[in-house]
Structures are given as structure tokens and as C-alpha cells.
Amino acid sequence: MAPLEGLGFVVDWVDRAAYWREHPAEVARLRARADARALLIARDMPVLHNSERLDSLLPMSEIEALGGAQVEALLGLAPSGAPIFAALLPDEAVEMRSDGSDGFFDRRILVVPGRDDLKLVDLRSIAVGGLLPPDQTAMLAAAKALMHWHARRRFCSNCGSPDDVAVAGWRRDCKVCGATHFPRTDPVVIMLAVHGEACLLGRQPRFPKGMYSALAGFVEPGETIEAAVRREIREEAAVTCRAVQYFASQPWPFPASLMIGCFAQAESRSVEVDRVELEDARWFSREETIALLERRHPDGLMAPTPMAIAHHLLKRWAYKGIEFSE
Ligand SMILES: [Zn+2]
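Residues numbered from 1 in each chain as written. Predicted model: local features only at pLDDT ≥ 70, side-chain atom pairs only at ≥ 80, totals over all residues. Heavy atoms only, no water.

*Asks:* So what exactly am I meant to see when it comes to the overall build of the protein here?
*Replies:* Looking only at helices and strands, one finds 7 helices and 18 strands in the protein. Against the globule reference of 20 Å for 326 residues, the protein gives a C-alpha radius of gyration of 22 Å, in line with a compact fold. Along the first, second and third principal axes, the C-alpha atoms of the protein reach 60 × 50 × 35 Å. Taking the contacts inside the protein whose residues are at least 6 apart along the sequence as the reference set, 63% of them involve residues at least 24 apart. Surface exposure of the protein reaches about 15,400 Å², of which carbon and sulfur atoms provide 52%. Distance between charge centres in the protein, computed from 38 positive and 45 negative side chains, equals 1 Å. (Helix = DSSP H or I, 4+ residues; strand = E, 2+ residues; numbered from the N terminus. Rg over C-alpha atoms; globule rule 2.2 N^0.38 Å. Contact = heavy atoms within 4.5 Å. Areas by Shrake-Rupley, 256 points an atom, 1.4 Å probe, with all protein chains shown as cover. Lys, Arg positive; Asp, Glu negative; His and termini not counted. Charge placed at Lys NZ, Arg CZ, Asp CG, Glu CD.)

*Asks:* Please clarify how the packing of aromatic side chains should be interpreted in this entry.
*Replies:* Two descriptors summarise a pair of aromatic rings, namely the distance from one centre to the other and the angle between the planes of the rings. The final tally for this structure, using the stated rule, is 8 aromatic pairs. Taken together, a centroid distance of 5.9 Å and an interplanar angle of 65 degrees make the contact between phenylalanine 9 and phenylalanine 254 edge-to-face. Within this pair, whereas phenylalanine 9 is found in the segment before α1 (24-32), its partner phenylalanine 254 is found in the loop between β16 (241-252) and β17 (257-266), the two being separated by 245 residues in sequence. Look at phenylalanine 254 and you get partly exposed, because its relative accessible area is 22%. Above the plane of the ring of phenylalanine 104 lies arginine 124, whose end atom (NZ or CZ) is 4.4 Å from the centre. The ring of tryptophan 317 has arginine 286 lying over it, and the distance from NZ or CZ to the ring centre is 4.7 Å. (Phe/Tyr/Trp six-rings, centres within 6.5 Å; stacked < 30°, edge-to-face > 60°. Buried < 20%, exposed > 50% of the residue type's maximum accessible area, 1.4 Å probe, protein only. Lys NZ or Arg CZ within 6 Å of the ring centre and 35° of its normal.)

Structure (C-alpha cells):
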């Protein structure tokens with residue numbers, strides 16, 4: 001499939017160099033190289049260098065300058081060959097000046113005291129605004145998701161003892177009970193139910209005003225992607241679907257999901273909204289969906305921006321249509 005233009009976090013940016021992860025001496029050698037760079041995360045927010053333009057790739061010396069890292073991970077090798085690390089700074093490295101978060105955008109104002117050349121920007125704003133080159137945004141997605149996991153897994157979930165960072169930041173090992181813990185990625189299905197010339201969209205109360213999107217939900221244990229798609233649409237809108245077709249996927253580091261985009265073939269256009277999950281859900285005609293995408297809907301309604309896979313599900317169906325293979 002052709003790359004989806006503007007979709008965030010999906011650049012195949014790097015050789016992940018997994019073959020070095022179990023070789024500490026080699027990881028140390030890579031870390032000591034002059035071209036090694038670090039992506040810094042503090043309190044779940046990327047720390048960027050802010051001069052003529054924003055840059056997420058900082059010299060390794062910044063880690064020590066900012067008080068040392070709680071965790072470091074080898075993310076891989078950039079196309080230039082430069083080693084790329086992720087580092088989790090202690091919470092005390094940054095100060096929170098205010099918090100205007102609205103459940104959608106992270107609107108905390110975080111600063112590094114005495115360092116006007118550094119700026120903390122939440123990753124959703126970076127992706128929506130195109131503030132960094134796509135490959136850096138993709139690297140940050142990996143760094144943020146991985147460091148989010150480390151920050152909350154300092155104790156073994158099996159026996160409760162403190163555990164240790166292992167294999168270059170890609171595992172945590174418990175010396176007491178011997179358990180090994182791997183970073184999580186949580187699968188989420190996001191699906192566009194279609195019926196002839198109409199598609200089903202909903203809005204969650206936390207969405208920006210006027211935004212309608214594809215329905216979504218976590219895949220549960222013991223469930224296939226197809227079953228999760230059918231279940232979520234049935235639960236949230238009481239719509240029964242037959243065929244389910246995979247479209248594309250997207251890493252979604254809020255905090256650590258993989259969005260699995262699908263189309264679903266609805267049996268009818270009846271709809272009954274689950275008001276606990278959704279503020280509204282309804283069918284939109286193809287013309288209306290195009291108006292949402294092009295931001296000219298008469299009621300001021302809109303689709304998500306191109307950084308999100310929902311935009312591309314809508315776009316594919318609205319402009320090209322979709323054939324279901326039963
Ligand atoms: Zn343990």
C-alpha cells in the first residue's frame with residue numbers, strides 16, 4: 001500500500017539494532033560515539049532543543065547536564081548510522097508551571113529551569129502541527145511509549161520487588177523471582193462501519209468541538225481483530241456488521257497503543273448510541289464525509305487531522321470507496 005500522506009508516527013525510521021541489545025559493551029561503545037544522539041522524555045513529554053528550529057535529537061551530554069537519566073534505551077541506528085538513544089529524565093529535571101489539559105491535548109506547561117534553549121512540547125501537538133521532521137516524530141513515538149512503560153514499571157508485577165532495566169532498555173528483569181517483563185503495546189481497533197453511501201461516525205465527550213471520528217476500542221484477551229471490530233460497533237452504536245477488512249495500522253503513543261484500522265460492512269443504518277462511551281454517533285453521507293475532511297461542513301463539523309489514521313479511513317472510503325470480500 002502507498003504511504004498515507006501525513007499519517008503520524010509511521011516512518012520506518014531506523015535500524016532498531018536489536019542484535020546489539022544483549023551486548024552491553026557494544027551499547028556503551030555506541031553511546032560514546034560523537035554522533036550519538038538522545039531523545040529526552042520528562043514527565044511523558046519530549047524535551048526539544050529550541051533555536052532557529054525545533055530539534056529532538058540532543059547530544060548525549062545533555063543527559064548528564066539535566067541530572068542523569070532514570071532509564072536509557074538504545075532505539076537503534078538512524079539512516080546516517082548515528083546511534084539513537086531514548087532517555088527518561090527524573091521528574092525533578094522539569095518544573096510544571098500550569099496544567100490546562102482538556103483530556104485530548106496535553107496542555108501542561110513544563111520547563112527546564114535556567115534552560116531557555118530547551119522546550120517541552122507534547123507529542124500530539126508536535127504531530128498535528130508538523131513541528132518536527134516525520135522521522136523524528138516517529139522516533140519520539142517509540143521513545144515516549146517505551147519511557148512511559150519504564151516510568152510505571154519500577155517494581156516486578158509478579159512479586160513486588162524492585163526490578164532492573166535490561167537488554168539496552170527493552171526489558172525489565174526481577175532478580176528476586178526471575179520474572180522478565182517486556183514493554184507493552186496495546187492493540188486498539190479503529191473502524192469505519194459503512195453501509196452503501198453512508199459511514200458511521202461518533203464523538204467522545206473529550207473530542208475537540210465538532211469533531212466526529214471512526215469508532216474505536218481495545219482488543220480484549222482472547223479476541224480476534226475482526227471480533228473486536230464487530231463487538232465495539234455493536235456495543236457503542238448497536239449496529240451489526242458482517243465483513244471486516246484490514247486497512248492500515250499506526251503506532252499511537254498515548255500512552256502505548258497500536259491502532260489497527262479496519263472497514264466493517266454494516267447490515268443496516270439503524271443506530272442506538274451508548275451514551276456512556278459516546279456523546280453522539282450517526283450516519284454521514286459520502287458528500288457530508290468529504291465536507292468533514294475538507295473542513296467545509298455546514299454545521300462546522302470536522303474529521304480528525306491527517307496525522308491520525310481515522311482521517312485516512314474516511315478519506316479512502318469517501319474518495320475511493322471500499323469493496324468487501326465476504
Ligand atoms: Zn519478581
